[in-house]
Amino acid sequence: LLVALADAGQDNSSSGSDEAVSAGNSRKQKVVILGTGWGGVSFLKNLDSSKYDVRVVSPRNYFVFTPLLPSVTSGTVEARSITEPIRRIIRKKDVKFHEAECTKIDAANKKVVCRDSSDVKCVGKEEFELEYDYLVVAVGATSNTFGTKGVEEYCHFLKEIEDAEKIRGRIVDCFETASLPHLSDEDRRKLLSFVIVGGGPTGVEYAAELHDLIHEDLTGLYPELQKIVKITVVQSGDHILNTFDGRISEYAEKKFAREGIDVKIGSRVLGVSDESITFKSKATGNLVEMPYGMIVWSTGIGTRPVVADYMKQIGQTDRRVLATDEWLRVKNAEGVYALGDCATIEQRKIAEDIAYLFKLADKNGDGTLSVSEFVDTMNNVRVRYPQIDLYMERQHMKGVVGLLNDAIKKEKDLKLDLDHFSEAICKVDSQMKSTPATAQVAAQQGEYLARSFNHLATEDPDEGPVRIRGGGRHRCQPFLYRHLGQFAPLGGETTAAELPGDWVSIGRSTQWLWYSVYASKQVSWRTRALVIFDWTKRFVFGRDSSR
Ligand code: FAD
Ligand code: MG
Ligand code: MG
Ligand code: MG
Ligand code: MG
């Protein structure tokens, strides 16, 4: 039977590729996508896969809805409920998936080297190569340990489904072990000392989940341990949630203080041993050595080895993430795009091009610009410098005349010289901010890039290799990030939200907003149903406390 199945499989795949070859006389462009996270899947879902020969490579054959990972650590949501198989996502698409890890991007030869690193593999044939015309790098990032001693060995990270499940098991193990009859109070205190390093959104949300799990579910089951449990958050900055509005971090700090979650701000971790974690207060210089039962390390992102190696090849050294332009093309590379956590956009400053722009605008070469010259030029270059639109939007300006009026204010008829011109448009550079490493950014970038690919494939089918041109005339708009706000779940059915337009909302109703947004953002109806079912189950029966 196995042989028959294998034969059948082979038959299918070979006839499939024959079809692909015969379908178009001109060879389809090969697109290879690395990664099936937020960036990769959003690209894949929006790409018209009939126009390209598409292959996806990822060591995991599923997508993970990372914003709900902290809920998996406490058992509020089951791991299976937040994963969607890639093969379901590509079911109706003309796409091939290969479960393997890309170990090297060979920039010179336009190919990637991949390796099957899973348990089942064909010995001696683990490695294979794929050629590409276009490569989409969306491999995400690792957890950054900043080289701190002992972190790799003794701390838990919270990046993958397996991490969340391990954490869940470890919490319950700590409680069970602390309940053994022959332990001293000191032993029990150590076992039930939970430490979180990093006071960003993930660390804080995890701390809140842990607190809820312990106080809503576990203390009822282990009543004698209730007084011994301790949660500590170690944060290097002066506040937790310091990328959020000040009102939110203040609220979170007060809430945590009230609940007995000990927040150590301004503290840097020096090292971790199998027994204890050592950190130093920046203000007082005091060293604290704290025994622990479990540490979760959540302090930001680091570079994957394959990306680091690639950056060396293309001369992007001393960086944490790949630099791209506003069309998501990797700098110093050909046919390579990068998005999500492994990339950052280096937005071109308009100030760098002032002299050029002025010359361009000054059509009669008299050294001044008339109002109409200014307006025409700005309208033409808006696409190249998205910060212009962003600036006008924030200042509630209608059209570029507003920009001009902003500079000259008084006399309507004034002509602009170079200084006035610089003054008028340099302000717009202040709108540039690097995009944060979030799912929201990765998903928007994936969608944007897919649309660009679709557009280019339809526009000029005979033009040979399609490309998104840089400089001069553009066939695609540059990527522009639209921030839709962010949530910080704080536990106890309370969430803080920061929405566009300086709108902050904290409380139980915001928690309901959170539930509905996160349900709506699910990638399939299947996971949406599962997640809602898990939430309901938790409301009715509480969380499951078995390992
Ligand atoms: P990822 O989603 O990490 O995907 C990377 C993919 O690449 C994975 O499929 C991985 O298996 C694959 N891969 C890795 N190595 C290789 C390789 N060598 N070859 C091929 N494939 C490879 N963001 C929000 O906006 N809101 C939130 O509430 C939020 N909560 C979060 C909670 C947690 C616990 C975490 C960890 C993150 C959270 N984020 C949140 C951030 C968000 O998950 C990331 O910004 C987002 O996942 C980035 O997308 P990505 O596609 O760049 O990378
Ligand atoms: Mg991805
Ligand atoms: Mg395998
Ligand atoms: Mg045990
Ligand atoms: Mg990024």
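Because the structure is a prediction, the values reported are computed rather than measured.

Each value, and the rule that gives it
Residues numbered from 1 in each chain as written. Chains lettered and ligands numbered in written order. Predicted model: local features only at pLDDT ≥ 70, side-chain atom pairs only at ≥ 80, totals over all residues. Heavy atoms only, no water. Donors = N, O, S within 2.8 Å, 3.2 Å for Na, K, Ca; no water. Buried < 20%, exposed > 50% of the residue type's maximum accessible area, 1.4 Å probe, protein only. Helix = DSSP H or I, 4+ residues; strand = E, 2+ residues; numbered from the N terminus. Contact = heavy atoms within 4.5 Å. Expected span 1.5 Å × (residues − 1). Pairing = 2+ DSSP bridges. Axes fitted to C-alpha atoms, helices over the stretch in contact; angles between N-to-C directions. Parallel < 35°, antiparallel > 145°, perpendicular 65-115°, else oblique. Left-handed = near helix turned anticlockwise from the far one by under 90°. Nonpolar A, V, L, I, M, F, W, Y, C, P; charged D, E, K, R; others polar. pLDDT = per-residue confidence, 0-100. Arc of directions from axis to C-beta. Near = heavy atom within 4 Å. Polar contact = N/O pair within 3.5 Å; in protein donor to acceptor, adjacent residues only side chain to side chain. Areas by Shrake-Rupley, 256 points an atom, 1.4 Å probe, with all protein chains shown as cover.

Student: Describe the coordination of the magnesium ion (ligand 3), naming the residues involved and giving the relevant values.
Tutor: For the magnesium ion (ligand 3), every protein donor is listed as D116 (OD), S118 (OG) and V120 (O), and the spread of their distances is 2.2 to 2.5 Å. Summarised as a motif, the one-chain spacing of the donors to the magnesium ion (ligand 3) is D-x1-S-x1-V. When its relative accessible area of 18% is taken as the criterion, D116 is described as buried. Judged by relative accessible area, which is 71%, V120 ranks as exposed.

Student: An account of the environment of K280 is requested, with residue identities and associated values reported.
Tutor: In this structure, K280 sits in strand β16 (residues 276-281). Residues K280 and S236, 44 residues apart in the sequence, show an inter-C-alpha distance of 9.5 Å. Residues within four places of K280 in sequence aside, it is in contact with G266, S267, R268, L270, G285, N286 and L287.

Student: Explain helix α6 (residues 161-178) residue by residue, including any values.
Tutor: Here α6 contains 18 residues, and its C-alpha end-to-end distance of 26 Å stays within 8% of the 26 Å for a straight helix at 1.5 Å per residue. When we look at burial in α6, the residues that qualify are I161, D163, A164, I167, R168, G169, I171, V172, C174, F175 and A178.

Student: Tell me about the sheet that holds strand β7 (residues 111-115), residues and numbers included.
Tutor: Read across the open sheet, the three strands follow the order β6-β7-β8; overall the sheet is antiparallel. Every other strand in the sheet has two partners, leaving β6 (101-106) and β8 (127-131) as the edge strands with one partner each. Strand-to-strand twist across the sheet, computed as the mean angle between neighbouring axes with direction ignored, equals 25°. As judged from the five bridges shared by β7 and β8, these two strands associate in the antiparallel manner. Within β8, the residue paired with V113 across the bridge is E129.

Student: Give me the sheet that holds strand β14 (residues 261-264): which residues, what numbers.
Tutor: Consider a sheet: its strands pair through backbone hydrogen bonds, and that pairing is either parallel or antiparallel. Pairing within the open sheet is parallel, and its five strands lie in the order β11-β18-β12-β13-β14. In this open sheet, the two strands that pair with only one neighbour each are β11 (156-157) and β14. Strand direction decides the pairing type here: strand β12 (residues 193-197) and strand β18 (residues 294-297), joined by four bridges, are parallel. By the bridge assignment for β18, I196 is matched with V296. Its contacts with the sheet place helix α8 (residues 201-221) against β12, β13 (230-234), β14 and β18, and it is angled at close to 160° to β12.

Student: Residues and numbers for the packing of α6 against α8, please.
Tutor: Geometry of a packed helix pair, given as the angle between the helix axes and the separation of the axes. Put simply, α6 and α8 touch, their axes get as near as 13 Å, and they point 45° apart. Here α6 lies oblique to α8, going by the angle between them. Where α6 crosses over α8, the handedness of that crossing is right-handed. Contact with α6, carried on its side by I167, I171 and F175, involves Y206, L210, L213, I214 and L218 of α8 and no other residues of that element. Counted by class, the contact of α6 with α8 contains eight nonpolar, no polar and no charged residues.

Student: Tell me about the confidence of the model for the protein chain, and please be specific about residues and values.
Tutor: Residues with a pLDDT of 70 or more make up 90% of the protein chain, whose mean pLDDT is 88. Throughout residues 1-24 the model reports pLDDT below 50, and contacts reaching past four residues in sequence, or to other chains, amount to zero contacts. In this model, residues 461-473 is a region of pLDDT below 50 whose contacts with residues beyond four sequence positions or in other chains number 24 contacts.

Student: So what's going on with helix α18 (residues 525-541)? Residues and values would help.
Tutor: Note on helix geometry: an α-helix contains 3.6 residues per turn, so any two residues three or four positions apart are oriented the same way. The terminal C-alpha atoms of α18, which comprises 17 residues, lie 24 Å apart, in line with the 24 Å expected from a rise of 1.5 Å per residue. Regarding α18, the residues found buried are T527, R528, V531, D534, W535 and R538. Taken down its axis, α18 places every buried residue within 130° of arc, on the same side. In α18, those exposed residues whose orientation departs by more than 90 degrees from the buried face are W525, F533, V540 and F541. Looking at the packing, one finds that the buried side of α18 touches β4 (83-85), α8 and α17 (508-520). G542 sits one or two positions beyond α18 and adopts a positive phi of about 80°.

Student: So what's going on with the site of ligand 1? Residues and values would help.
Tutor: Taken together, 30 residues lie around ligand 1, and G39, T66, C102, D341 and A439 are the ones closest in. Residue T66 places a side-chain N or O atom 2.5 Å away from an oxygen atom belonging to ligand 1. Between an oxygen atom of ligand 1 and a main-chain N or O atom of V139, the distance comes to 3.4 Å. If ligand 1 stood free it would expose 990 Å²; the protein chains cover 87% of that surface.

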